[in-house]
Amino acid sequence: MRSRLVVIRASAAAALALAAGLCSCNRPGGEPGPLAASTAVPSFEDMTPSSGIDFERDNGHDTKSWRVVETVNGGLALLDFDSDGRLDIYFTNGRPPGSATAAGNRLYRNAGDWKFEDVSAASGTADDSLGLGCAAADIDGDGLVDLYVTNLGPNRLYRNLGGGRFTDIAAKAGVAGDSMDAGAVFFDMDRDGDLDLYVASYMDDTKVEHTPLVYRGVPGYWPPTSYEAASDQLYENLGNGSFVDVSETSGIRAVLPGRGLGVLSADFNGDGNADLYVANDMSENFMFIGDGKGSFEEQGLFNGSALGQDGSPLGSMGLDSGDFDGDGHSDLFVTNYYSQPNNLYRSRGGADYEDSADVTAADAGSLPEVSWGVGFFDFNLDGWLDIYVANGHLNPFASDIVDTASYAQGNRLYRNRGDGGFEDRTTAGGKALEVRQVSRGAAFGDLDNDGDVDIVVCNSRGLPQLLRNAGVSMGHWAQVKLVGKGLNTGAIGARVSVSAGGTEQQRTRRSAASYLSVNDPRLHFGLGRAANIERLTVSWPGGERQVHEGLPADRLLVVREGETEIEIIDPGPQ
C-alpha cells in the first residue's frame, strides 16, 4: 500500500519550461559522470510457485505437425489495466492444429504481495487464437490502457472499458489483419497527438501439410528461408476510433518484406521524430527513419544496424534500446539465432551505428544459444544499464543434431561495468537464474513497487518465471509516470532525462519492446549514492519540454503534461 501522497509545486527556477525542441540528455562533456558502477549483483527469486499463476504455456506443437509459427510465439505484457498502481500480467498462448479447444491467453490481476488472480474470462481477454505478441497503450484518450494482441490469423485490439472489462474492436477499427503477425508497436508517427500502429508480419505459411525437415534422422522445423516473407503493416490513427492502412504511401514497402519479429520505436537520429526498428529473421533488419509527417526511409543498410559484423543477415528476434555507455545516444541490442552472436549496435551520434557486442563482451556465451527477449535495465541501481537475455532453442531434439545445442537453455544477466563493457554475472544472481528453460518473451518492471526492477519470462512450453529482484543495500532510485494530454495520455514517445549525482540518464516511454512484449509503463532510474534528483526533464511527443528541479529519490514521480506541480508518491513498506 502507498503510505503517503505529496504534491509539490516547482519553484520559479524549476517552473514549467515549454519550448519546441529537444533536451540534451548526456553526461557532462560526453564522458561518464561520477556515478560509479557497482559490483553488487542482487539475488533473483522465482515467485511463481506461490503467486497463484498456474498458466502453463502451450506453443501449439502436437509432435506431428511442424508449423513454423510454433517456434516464434510467446510474448507477454506488463500493464496496469485496472489503474490501481500495481502491474498486472498478460500472457499469450498457443494452440495445437485442429484443436477444438484451447487454453487461451491469460490475464492476471496483481493483488499485491506477489499474489495474482486469474481474471481472463471475466475481463474478456481469454482469446483462444494462437497468440504471438502484445503492445499496450491508451489509444482513445480515456486514461485506460488498451491492449493489442497479434495472432496467427485476425489480431485483437482490446479496448479497456473500465471496471475490469475489455472488448475487441480490431475489426471495427481496421487493424485485425489476417496474417502471421508478430511484433507490434503504438507510436505517434506524424506528431498529430494520436497513436498510430506498426505491425511486423513474419511469413506466409501456405503449406497444407507440415511435415518435418529430417536431418541426420532427427525431425525439425524448416528454416525461415523456406517461406515467403510477409509484408508489414502501418496503420494511421484517424483520431475517431478507426485506423487506415498507409503501408504503401508511408514508404515502409519501398523495401522487400523481411520476416519481421520484434519491433521498437525510438528517435534513433535525434531529430525529435519517431523512428522504427524491425528485427527480421534471416534478412536485413530495418531502421525506418521518420520525417514526423508519416513518411519513412529505410536507413539500416547505410548506418550499420541492418547486418552482422560479417555483412550477413542474421536470424534476429528481440530488441531493446538504451544508452548503455552514458554518452547521450540511444544504443540498440538485438538478439539472434544459434551460432550468431547477439548485436550491440552502439550509436556514434545521429543514425550511425557500429556493432560493439564483441568488444564490450555483451555477447559473451551467446553463440550456442537462441536468444529472444532482452532488456536494458539497471538491476543494481547504480545508474548504469545492465542487460538480461532470454534463451531457448526451437527444436526439442536440438542436442541430437548438434552436440553444442540444447532445447532448454540458461538465460543470461550481464552487469554493466561502467567503463563501456559488460560481464556475465548470471551465476551471481541466484539459483533461479540458472534454471534451464525454453524462453521467449521477457518483460521488465517493478511488480512489488519496492523500487527495483523485476523480470517476467514467458516460456515456450510450461510455467513462466516471475523473478523478484531481492536486492538489498543497493543504490537509490526513481520511477517516473507520465500523464500526457489528448489522445496520448500514456505519453508514448516521450523522453525523460534525470540528473542526479552529477550524472544524466535518459529513458523513452514505449508501448512494446524486448521480444513481442510490453515493459512497465513507468520509467525507472537507478541513482547510485545520489539521494536527490537535481533536475528532471520531460520532452513530450509534441515537442514541448518540461523541467522540474530539487526532487527526492526513492519515490514515484507523476508528471502531467503542462502542469507545474508533480505528484510524489512514497511507496512505503511492502
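Rules used in this analysis
- Residues numbered from 1 in each chain as written.
- Predicted model: local features only at pLDDT ≥ 70, side-chain atom pairs only at ≥ 80, totals over all residues.
- Heavy atoms only, no water.
- Helix = DSSP H or I, 4+ residues; strand = E, 2+ residues; numbered from the N terminus.
- Contact = heavy atoms within 4.5 Å.
- Phe/Tyr/Trp six-rings, centres within 6.5 Å; stacked < 30°, edge-to-face > 60°.
- Buried < 20%, exposed > 50% of the residue type's maximum accessible area, 1.4 Å probe, protein only.
- Pairing = 2+ DSSP bridges.
- Axes fitted to C-alpha atoms, helices over the stretch in contact; angles between N-to-C directions.

S.K.: Hey, could you run me through the side chain of threonine 426 in this one?
M.R.: Relative to the helices and strands, threonine 426 is located in the loop between β30 (422-424) and β31 (436-437). The residues touching threonine 426, leaving out its near neighbours within four places in the chain, are Asn411, Arg412, Leu413 and Leu433.

S.K.: Honestly, the packing of aromatic side chains in this entry has me stumped. Any pointers?
M.R.: Working definition: an aromatic ring pair is given by the centre-to-centre distance plus the angle between the planes. Using the criterion set out here, one finds 16 aromatic pairs in the structure. With centroids separated by 6.4 Å and ring planes inclined at 45 degrees, the aromatic side chains of tyrosine 198 and phenylalanine 288 adopt a geometry described as tilted. Of this pair, tyrosine 198 sits in strand β11 (residues 196-201) while phenylalanine 288 sits in strand β20 (residues 286-290), and the two are 90 residues apart along the sequence. Across the pair, exposure class does not vary: tyrosine 198 and phenylalanine 288 are buried alike. When the centroid spacing of 6.0 Å and the interplanar angle of 75 degrees are considered together, the rings of tyrosine 388 and phenylalanine 444 count as edge-to-face. With tyrosine 388 in strand β27 (residues 386-391) and phenylalanine 444 in strand β32 (residues 439-445), this residue pair connects regions lying 56 residues apart in the sequence. Looking at tyrosine 388, the relative accessible area reads 2%, which means it is buried. Joined through ring pairs, the aromatic side chains of Phe377, Phe379, Tyr388 and Phe444 make up one cluster.

S.K.: Before we go on, may I ask you to explain the sheet that holds strand β21 (residues 296-298) in this structure?
M.R.: Across a sheet, paired strands are connected by hydrogen bonds in the backbone, their directions being either parallel or antiparallel. The 4 strands are arranged β18-β19-β20-β21 in an open sheet whose pairing can be described as antiparallel. Here the strands that pair on one side only, and so sit at the sheet edges, are β18 (260-266) and β21. Each neighbouring strand pair of the sheet contributes to a mean axis angle of 20 degrees, computed without reference to strand direction.

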